[in-house]
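# Descriptive analysis of the structure
Here are the chains, one letter per residue:
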Amino acid sequence: MTAAAGRGRPAGRSQTRALLARVGCYALLVFVAVIALYPLYLVIANSLKSNTAVALNPSGFPAQPTVSSYSQLVAAGQLRSFVNSLIVASTTTVGAVFISALAGYAFTKLRFPGRAVIFAGLIATIMVPIQTGIPGFYVEFAKLHWLNTYQVQIVPFLAPVFGLFMVRQYLLSVPNEIVEAARMDGAGEWSIYWRIIVPILRPVLAALGVLEFLMMWNSFVWPQVMADTSNVAPLAVTLPTLTDRTLGIVPLYGEIMAGSVLAIVPLIIVFLRYQRAFVSGVTYGNT
Amino acid sequence: MRISPVNRASSQARAGRRQGWHPRRAASLKGYAFIAPFLVLFIFFSAFPDVYTLVLSFQHYAGYGSATAAGIQNYDALLHYPVFWTELENTLEYWVLHAVILIPVAFVLALVVRSWSVRGKSAWRAIIFLPQVMSIVAVSLAFQVMFASPNGAINQLLGLHVAWLTDFAITKWVVIALLVWQGLGFWFVVFLSGLTSIDPAVEEAAMIDGAGAFRRAISIVAPMMKNVFLFAIVIDAITSMALYTQPTVLAATQGVLDPSVAPLSSLVVVNLQSSSFGQSAAAGWLLFLLTVIVSVAVFGSFRFLGRSGASRWRDAIGGRRAKVTR
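Residues numbered from 1 in each chain as written. Chains lettered and ligands numbered in written order. Predicted model: local features only at pLDDT ≥ 70, side-chain atom pairs only at ≥ 80, totals over all residues.

This brings us to the overall build of chain A. Looking only at helices and strands, chain A has 15 helices and zero strands in total. With the principal axes as the frame, chain A shows a C-alpha extent of 80 × 70 × 35 Å. In chain A, which comprises 287 residues, the share counted as buried stands at 45%. Pairs at least 24 residues apart make up 75% of the contacts formed inside chain A by residues separated by at least 6 positions. (Helix = DSSP H or I, 4+ residues; strand = E, 2+ residues; numbered from the N terminus. Buried ≥ 20, exposed ≤ 12 C-beta atoms within 10 Å, placed from the backbone. Contact = placed C-beta atoms within 7 Å.)

Shown next as structure tokens:
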């Protein structure tokens, strides 16, 4: 703007315009920030009210803060669901990252017949919606006696094509000479993978891990169909079903909001701590 | 590979010679070994069930006993089922109506946060991205509390009596609001990282020529981000076809989702839960078919519009420049 002023525009006018633009920018950002954060506030505030207080005064600050909703949540056995979510999401994340990295290394740095065709075949399936295979999965798992287990929630997600894609994209920019030099020195493929490739891949594996964890934490239709019994079902499936034990269908919003705090807050803490991995997860995978 | 008797004499020598003679084959085996875990899991837990679903879609199967051939009856029944068309329309509406808001708003926000006049960029970025890391089910339930009627947070705050979640014409917009709210951070970050790859010199040149911020965004930045837009629109379309969680959790009243707000994907689940596996499978494959059609259509129309659009812009800029020099 100073450049524009220097080129003969009336300085006062352009300064006012710059100021207005700036105020407009901040107003927009504050507006968006309020909308982005409001549901979070609402969840936390309502989790500190009783079920009836939520129904009577859903938007207000808790007049008499209470943890009764949390103790009811525990009494309803929801900690088990929370632990189920953690077990499923973390196991899958570790496994998927390891297996994707292994395959991604082979698809970029090892030569074998059919490499390009297999890779293209895998990538082509990225468009298949998760629901498409569900009937086939269901019958397959019924025969394996895998319905309502942890493994039905974990094993099918250990080979994510998007993870393979992310690893491969990253490794394409790593020069082959690094691998060849190690091979010349007599290193086996395994030690090349473990000692050289995995350390190089660390940022992309962190990003992939974060994405996979988020995806698993959010999975809903899958466990709803395959594993909805309370001993293995994740929080995402059990939360919407928290209804009054005597009246049946009436949702207990105090309890549900307390459960939502359990579902939301741990992830936000991890996000704030590892923001870079989250944000790069989005951009690695997608640009 | 044939191994001569000489080589068998010593296993050590054999190993050495084999590597010397056929390093490619040894490398191939290692390659297959490295992709084996991925490939085996993929085949048994992705490819096979998808194909098996296709087989099921041509059968009648109730989950017990044996399946009987059904020809195209399952598909035929679905296509003559009014709910199929309602839910197809719902899925398309959710997709189009949320995308036309979401993508431009995410782009504008990225431009604003990137602009030199805004401070605290990383804080703004974190706040706008935050909804992306919140559990989808939990925020859908939070929206339920917000938009409940008569006593929801929004009605209470604004003194309204809108039946947000029981008047289904309005409920659709609540779902769309949720989709926009939740997806904004993701595309905002994608656009922001796309913007950093644009050479600032290009924009500075336009600025010196007197192009305002709006003009620069439309005529220079947006065309240079063409590929990012294409990517955003295609990926958003693909994920929108599989939309399930948000409407199912948000709009279900007493655990049941009315077909007038249900997405197409719920036909897979509903039929499965009533043990009509063939019907469910047919719905699954129709959903896949829809995804392919929509993404090809989006991709094709984008390339077509992109080409004519770019030339329009070029003409506009060229025309202006000619005027200026005159």
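Back to the text.
Let us now look at the nonpolar core. All names here are of chain B. Residues A138, V145 and F188 are the most contacted members of the largest nonpolar core, which totals 163 residues. With 15 residues, the top contributor of residues to this core is helix α9 (residues 168-195). The residues contacting F188, other than those within four sequence positions of it, are A106, L109, A110, I128 and F129. (Core = buried A, V, L, I, M, F, W, Y, C linked by C-beta atoms within 7 Å.)

Turning our attention to the packing of helix α5 (residues 78-109) of chain A against helix α9 (residues 161-172) of chain A. Residues and elements named next belong to chain A. It is the contact of α5 with α9, at a shortest axis distance of 8 Å, that shows an interaxial angle of 45 degrees. As judged from the angle between their axes, α5 and α9 are oblique. Here α5 and α9 pass one another in a crossing that is right-handed. For the pair α5 and α9, the contacting residues are A96, S100, A101, A103, G104, Y105, F107, T108 and K109 in the first and G163, L164, V167, R168, L171 and L172 in the second. A per-class count over the contact of α5 with α9 returns nine nonpolar, four polar and two charged. (Axes fitted to C-alpha atoms, helices over the stretch in contact; angles between N-to-C directions. Parallel < 35°, antiparallel > 145°, perpendicular 65-115°, else oblique. Left-handed = near helix turned anticlockwise from the far one by under 90°. Nonpolar A, V, L, I, M, F, W, Y, C, P; charged D, E, K, R; others polar.)

Okay, helix α10 (residues 200-208) of chain B next. Of all nine residues in α10 of chain B, zero are buried, a share of ten percent or less. Positive backbone phi, at 95 degrees, marks G210 of chain B, one or two positions downstream of α10 of chain B.

The omega torsion across S149 of chain B and P150 of chain B is 5 degrees, close enough to zero to call that bond cis. Along the chain, P150 of chain B falls in the loop between α7 (136-147) and α8 (153-158). Located in the positive-phi region is N148 of chain A, a residue other than glycine, with phi close to 60 degrees. Along the polypeptide, N148 of chain A turns up in the loop between α7 (134-144) and α8 (151-154). Among the residues examined, N148 of chain A registers 17 C-beta atoms within 10 Å and is labelled partly exposed. Its identity is not glycine, yet S275 of chain B carries a phi of approximately 60 degrees, on the positive side. Position of S275 of chain B relative to the elements: it lies in the loop between α14 (266-273) and α15 (277-325). By the C-beta count within 10 Å, which is 13 here, S275 of chain B ends up partly exposed.

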